[in-house]
Amino acid sequence: MAFISMQGISLSYGGVPLFDGVNLTIEQGEKVGLVGRNGSGKSTLLRLINRSVKPDSGAVSVQKGVHTAYLSQKVPREIPGTVFDVVAGGSREYDDLITQHQSLSAGLLNEETPPPHEELDRIRHTLEMEGVWYKREQVSKVISQLGVDAGRDFDSLSAGLKRQVLLKRALIGQPDILLLDEPTNHMDIDSIKELEDTMVRFTGALIFVTHDRMFLQRIATRIVEIDRGRLFDQCCDYETFLVRRSADREAEETQNALFDKKLLQEEHWIRGGIKARRTRNEGRVRELERMREVRRSRRERPGMVKMEANEAERSGTLVVKAENIGFNYGDTQIASKFSTTILKGDRIGILGPNGSGKTTLLRILIGMLSPVTGTIRLGANLQISYFDQLLEQLDENKTAIENVGDGKDTVIVNGKTRHIIGYLQDFLFSPDQARSLVSVLSGGERNRLMLARLFTRPSNLLVLDEPTNDLDIETLDLLEDLLMSYTGTILLVSHDRTLVNNIVTSTLVFEGDSVVNEYVGGYDDWLRQRPQEARPSKAPVAKQDAPPVQSPRARPRFGFRQQKELDALPQTIESLEREQHELLQAMGDPGLYKRDKAEIVAINDRLEAVPKLLAEAYARWEELEQLRLDGENSRQSK
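In this convention, every chain numbers its residues from 1, walking through the sequence in written order. Two thresholds apply to this predicted model, a pLDDT of at least 70 for residue-level local features and 80 or more for giving and counting side-chain atom pairs, whereas whole-chain, interface and lining totals are computed over all residues. Think of the side-chain values as coming from all heavy atoms in the structure, minus any hydrogens and water.

*Asks:* What is the right way to read the overall build of the protein from this model?
*Replies:* The secondary structure content of the protein amounts to 21 helices and 20 strands. Note on contacts: a residue pair is in contact if any heavy atoms of the two residues lie within 4.5 Å. Long-range pairs, those at least 24 residues apart, make up 69% of the contacts in the protein between residues at least 6 apart in sequence. Per-residue and other accessible areas were derived by the Shrake-Rupley procedure at a 1.4 Å probe size, with only the shown protein chains allowed to occlude residues. Total accessible area on the protein is roughly 33100 Å²; 50% of this is exposed by carbon and sulfur atoms. Think of it this way: any DSSP run of H or I at least four residues long counts as a helix, any run of E at least two long counts as a strand, and we number them from the N terminus.

*Asks:* Please clarify how the side chain of arginine 446 should be interpreted in this entry.
*Replies:* Tracing the sequence through the fold places arginine 446 in helix α16 (residues 443–454). At 3.2 Å, the side chain of arginine 446 and the backbone oxygen of leucine 441 are in polar contact. Contact partners of arginine 446, with chain neighbours within four places excluded, come to Leu391, Leu394, Glu396, Val438, Ser439 and Leu441. Any pair of N or O atoms that falls within 3.5 Å is considered a polar contact. Within protein, one atom must be able to donate a hydrogen and the other to accept it, and sequence-neighbouring residues count only if both atoms are side-chain atoms.

*Asks:* What am I meant to see in the packing of aromatic side chains here?
*Replies:* Aromatic rings in a pair are described by how distant their centres are and how their planes are angled relative to each other. Ring geometry is summarised as follows: Phe, Tyr and Trp rings, the Trp one being its six-membered ring, pair when their centres sit within 6.5 Å, and such pairs are stacked at plane angles under 30 degrees, edge-to-face over 60 and tilted between the two. On inspection of all chains with the given rule, the structure shows seven aromatic pairs. Any Lys NZ or Arg CZ found within 6 Å of a ring centre and within 35 degrees of that ring's normal is scored as a charge over the ring. Here arginine 448 stacks its cationic end above the ring of phenylalanine 429, 5.2 Å away from the centre of that ring. Note that arginine 530 overlies the ring of tryptophan 526, its terminal NZ or CZ placed 5.1 Å from the centroid.

*Asks:* Whenever I open this one, helix α1 (residues 42–49) confuses me. Can you help?
*Replies:* The periodicity of an α-helix, 3.6 residues per turn, causes residues three or four places apart in sequence to face the same way. Remark: exposure states derive from per-residue accessible area (1.4 Å probe, protein chains only) relative to the maximum for the residue type, with buried under 20%, exposed over 50%, and partly exposed in between. Counting buried positions along α1 yields seven of eight residues, so the element is predominantly enclosed. For α1, every residue scored as buried is listed here: Lys42, Ser43, Thr44, Leu45, Leu46, Leu48 and Ile49. The positive-phi residue at the C-terminal boundary of α1 is arginine 51, with phi of around 65°.

*Asks:* Would you explain the pattern of salt bridges in this entry?
*Replies:* Side-chain pairs of opposite charge can arise where the charged atoms are in close proximity. Salt bridges are defined by distance alone: a side-chain nitrogen of Lys or Arg within 4 Å of a carboxyl oxygen of Asp or Glu. Applying the stated rule across the entire model yields 28 salt bridges. Arginine 290 serves as the salt-bridge partner of glutamate 287, at 2.7 Å between the closest nitrogen and oxygen. Placement of both glutamate 287 and arginine 290 in helix α11 (residues 282–297) is noted, with a separation of three residues, approximately one turn of the helix. The class for glutamate 287 is partly exposed, based on a relative accessible area of 30%. With a relative accessible area of 43%, arginine 290 lands in the partly exposed category. Aspartate 426 is the partner of arginine 418 in a salt bridge, and the nearest nitrogen-oxygen pair spans 2.9 Å. Among the charged side chains, a network of salt bridges with common partners joins Arg37, Glu225, Arg245, Asp472 and Glu474.

*Asks:* Which parts of the structure should I look at to understand the packing of helix α9 (residues 238–270) against α11?
*Replies:* The packing of two helices is summarised by the inter-axis angle and the distance between the axes. Where α9 meets α11, the closest approach of the two axes is 10 Å, and the angle between their N-to-C directions is 135°. As judged from the angle between their axes, α9 and α11 are oblique. Where α9 crosses over α11, the two elements pack in a sense that is left-handed. Facing α9, whose interface residues are Phe259, Asp260, Lys262, Leu263, Glu266, Glu267, Trp269 and Ile270, α11 presents Arg284, Val285, Leu288, Met291, Arg292, Val294 and Arg295. Nonpolar residues are Ala, Val, Leu, Ile, Met, Phe, Trp, Tyr, Cys and Pro. Charged residues are Asp, Glu, Lys and Arg, and all others, Gly as well, are polar. Class assignment for the residues of the contact of α9 with α11 results in eight nonpolar, no polar and seven charged. Throughout, an axis means a line fitted to C-alpha atoms (over the contacting stretch in the case of helices), and angles, computed between N-to-C directions, take values from 0 to 180 degrees. To sort the angles, those under 35 degrees are grouped as roughly parallel, those over 145 as roughly antiparallel, those from 65 to 115 as roughly perpendicular, and the leftovers as oblique. What makes a crossing left-handed is the near helix being turned counterclockwise from the far one by less than a right angle; a clockwise turn instead makes it right-handed.

*Asks:* Whenever I open this one, the sheet that holds strand β10 (residues 318–329) confuses me. Can you help?
*Replies:* Hydrogen bonding along the main chain pairs the strands of a sheet, whether they run parallel or antiparallel. For two strands to pair, DSSP has to find at least two bridges joining them. The strand order β11-β10-β13 describes an open sheet built from three strands, whose pairing is antiparallel. The open sheet has two free edges, formed respectively by β11 (332–343) and β13 (373–378), since each of these has just one partner strand. On average, each strand axis in the sheet is inclined to that of its neighbour by 15°, with strand direction left out of account. By the bridge criterion, five bridges tie β10 to β13 in an arrangement that is antiparallel. Across the sheet, the residue bridging to valine 320 is leucine 378, located in β13. Docked against the sheet, helix α12 (residues 358–365) engages β10, β11 and β13, running at close to 135° with respect to β10.

*Asks:* Looking at this model, I keep getting lost on empty space enclosed by the protein. Mind explaining?
*Replies:* With a 1 Å grid spanning the protein atoms alone, the term cavity applies to any set of points in which a 1.4 Å probe fits but cannot get out, the term pocket to an open set with protein on both sides within 12 Å along at least five of seven lines, and the term lining residue to any residue with an atom within 4 Å of a point. Grid points are joined across faces, edges and corners, and a volume is the space filled by probe spheres set on the points. A complete count under the given rule lists two cavities of 30 Å³ or more for this structure. In this structure, the largest cavity occupies an estimated 100 Å³ of space. Lining the largest cavity are Leu146, Gln164, Leu167, Lys168, Leu171, Met187, Ser191, Glu194, Leu195 and Thr198. Mapped onto the lining of the largest cavity, the elements with two or more residues apiece are α6 (159–172) and α7 (189–201). Class assignment for the residues of the lining of the largest cavity results in five nonpolar, three polar and two charged. The volume enclosed by the second largest cavity comes to roughly 40 Å³. Every residue along the wall of the second largest cavity is listed here: Met187, Asp188, Ile189, Ile350, Leu351, Gly352, Asn354, Lys358, Glu466, Ser494 and His495. In the lining of the second largest cavity, the residues fall into four nonpolar, four polar and three charged.

*Asks:* Please explain the sheet that holds strand β14 (residues 384–387) as it appears in this structure.
*Replies:* The strand order across the open sheet built from six strands is β14-β17-β18-β12-β19-β20, with neighbouring strands paired in mixed fashion. One side of each edge strand has no neighbouring strand; the edge strands of this open sheet are β14 and β20 (516–520). Pairwise comparison of adjacent strand axes, ignoring direction, gives a mean angle of 15° for this sheet. Each of β12 (347–351), β14, β17 (461–465), β18 (489–493), β19 (506–510) and β20 is contacted by α12, which is oriented at about 145° to β12, the strand it contacts most.

*Asks:* Honestly, the nonpolar core in this entry has me stumped. Any pointers?
*Replies:* A general feature of soluble globular proteins is that nonpolar side chains tend to end up buried together. Within this scheme, the nonpolar core is defined by two criteria: the residues are buried Ala, Val, Leu, Ile, Met, Phe, Trp, Tyr or Cys, and they are joined through side-chain atoms within 4.5 Å. The biggest cluster of nonpolar side chains holds 46 residues, and the ones touching the most others in it are Leu424, Phe427, Leu449, Leu451, Phe455 and Leu483. Residues contacting phenylalanine 455, with those up to four places away along its chain left out, are Met307, Glu308, Ala309, Asn310, Val413, Tyr423, Phe427, Leu462, Leu479 and Leu482. Of all hydrophobic cores here, the second largest spans 42 residues; its members include Leu146, Met187, Val200 and Phe208.

*Asks:* What is the right way to read the environment of leucine 479 from this model?
*Replies:* Among the structural elements, leucine 479 can be located in helix α17 (residues 473–485). Leucine 479 sits in the buried class, given a relative accessible area of 0%. A sequence separation of 173 residues divides leucine 479 from lysine 306, and the C-alpha atoms of the two residues are 9.2 Å apart. The contacts of leucine 479, once residues within four sequence positions are left out, are Met307, Leu451, Phe455, Pro467 and Leu471.

*Asks:* What should I look at first to understand the state of the cysteines in this one?
*Replies:* Whenever a pair of cysteine sulfur atoms sits within 2.5 Å, that pair is classed as a disulfide. The full count for this structure, using the stated rule, is zero disulfides. Free cysteine cysteine 235: the closest other cysteine sulfur is in cysteine 236, separated by 7.6 Å.

*Asks:* Help me understand the environment of methionine 214 in this model?
*Replies:* Within the secondary structure, methionine 214 sits in helix α8 (residues 213–219). Those residues in contact with methionine 214 that lie beyond four places of it in its chain are Glu196, Arg497, Thr498, Asn501, Tyr523 and Asp524.

*Asks:* Whenever I open this one, the packing of α6 against α7 confuses me. Can you help?
*Replies:* Running from N to C, α6 and α7 point in directions that differ by 10°, and their axes come no closer than 13 Å. With respect to α7, the axis of α6 lies roughly parallel. Taking contact as the criterion, the partners of Gln164, Leu167, Lys168 and Leu171 in α6 are, on α7, Ser191, Glu194, Leu195, Thr198 and Met199.

*Asks:* Help me understand α17 in this model?
*Replies:* Take the residue count of a helix, subtract one, and multiply by 1.5 Å to get its expected span. Helix length check: α17, at 13 residues, gives a terminal C-alpha distance of 19 Å against a target of 18 Å (1.5 Å per residue), a fit within 8%. Among all positions in α17, only Ile473, Glu474, Thr475, Leu476, Asp477, Leu479, Glu480, Leu482 and Leu483 are buried. Here α17 starts with a cap whose side-chain oxygen sits 3.3 Å from the backbone nitrogen of glutamate 474, and that cap is aspartate 472.

What follows is the structure, encoded as structure tokens:
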């Protein structure tokens, strides 16, 4: 019998149904990634399995004796107790054992003649054998891995730490089914990697929702997409799923186009006048009625977000120059003797653990904070658009329209005047939502609103502090496309490793003891270049009864992501060649040498760097073309 069986599930909340007679079975050991647009029903499906939501019709069956643990997307408010209390609450045996221990101890103390020491030792040994002390030790060990005081009040923790504590609570109960809703939210990269390793070793059934594409690619052995009340179910990894989904959508569009063409022909026939009415076939009329009903009931795919950055005039070549900067909060040193030069067109990623100072460094680099030591110099003609992690620029007591339009009915994007309602519809806000207060919007809707506001402001320096939280994967892909085509300079703080890999040209990494090092390339490039002492030690050898850790594929494949990269490379190469020409002209201009020496050095450094970037781009283009050809040949040979 399957661990989980869902038969004929239908559910709606007064409008279009979230689920329309869907079936789903999940076996032990499967790792199922749930994907779909915001609002498609991913979280609701997890709650159906957890029995916290009941379907309108159909049945959800979980195998008898199977234990389920559920981690919701939102951290519950005001969970009482210490960190130890919260984690221990996930153990099925711990509370019972503690109760037995307390009852037995109380009974012994109330006796008129207490038992001798030998008897107390025997009883204590019995309790140890039953597992009380072992369970307590197990809980303490789990908490120590988080680096959190077990006696600390749970409500005093940050959102990221709360999620990690609740995850440990879920795992310590050794569940057979683990349900995770956006488990990587508010986690730093090291925590996400640790979670990945834990999930790879997990032997039960795992069903999870995530917008982290690298996490999804590594963990999922099966992808289930919720799309217009139906399930698109594929037993494969995420990249293979994208290829299959693309083919499925193309086939659907072709089929719909053929159907609509036939329906139009039949409509013309039925309206063909007296001759058609005299000779018409009643069966053909009934078929037309059926086709009309099919067309009326068809659910179109939800619209796509349309993003367009409002770019300002180009900045000067030098954007930011930091020299030996240091910053601290009280006794906590954030950065020490850090220097960097950021030039026009650079895309800088900032990586580091939670609390290391990524947002602080970002604000120092754009002049929002002054360093304690050292100097920051900002370039000429900078126009900055800033996406702050906490969305503090949004006023919860104002509507979406008021937040984006600042009291105006229109916005101007790249010289085009747009009505505010139409502009917000590009970001999937209906007219009613556009008139709603920000306080009633979901996390994903707030992030989309913040992006809508951001892109109405002309900019040549785009500053993004964790812009991906609560966005669905399709919106993430579109944001990524926009950033890849943005011609200005980008500063990006993100735990989304895929986004960092695909966007940035160099990374600033917090590597302990207030040290910030700079590396060429994205996240994977940093992993290859970082010093040996910064790398984690080898994991201990797994016990024989533990499942083997999945290893990455040895041979790269050509998938959806590689196709997008290949499509973008000609534009990248053209941009680099144009920049090289402009730099050569600048170096040949006698007026250049009357400028500040630092700017001359910066232009010269960039002129030396561009040919290397061009060579790398051409090499990557050839590599991807070869992968594409190999993939086509492989498919043709099958």
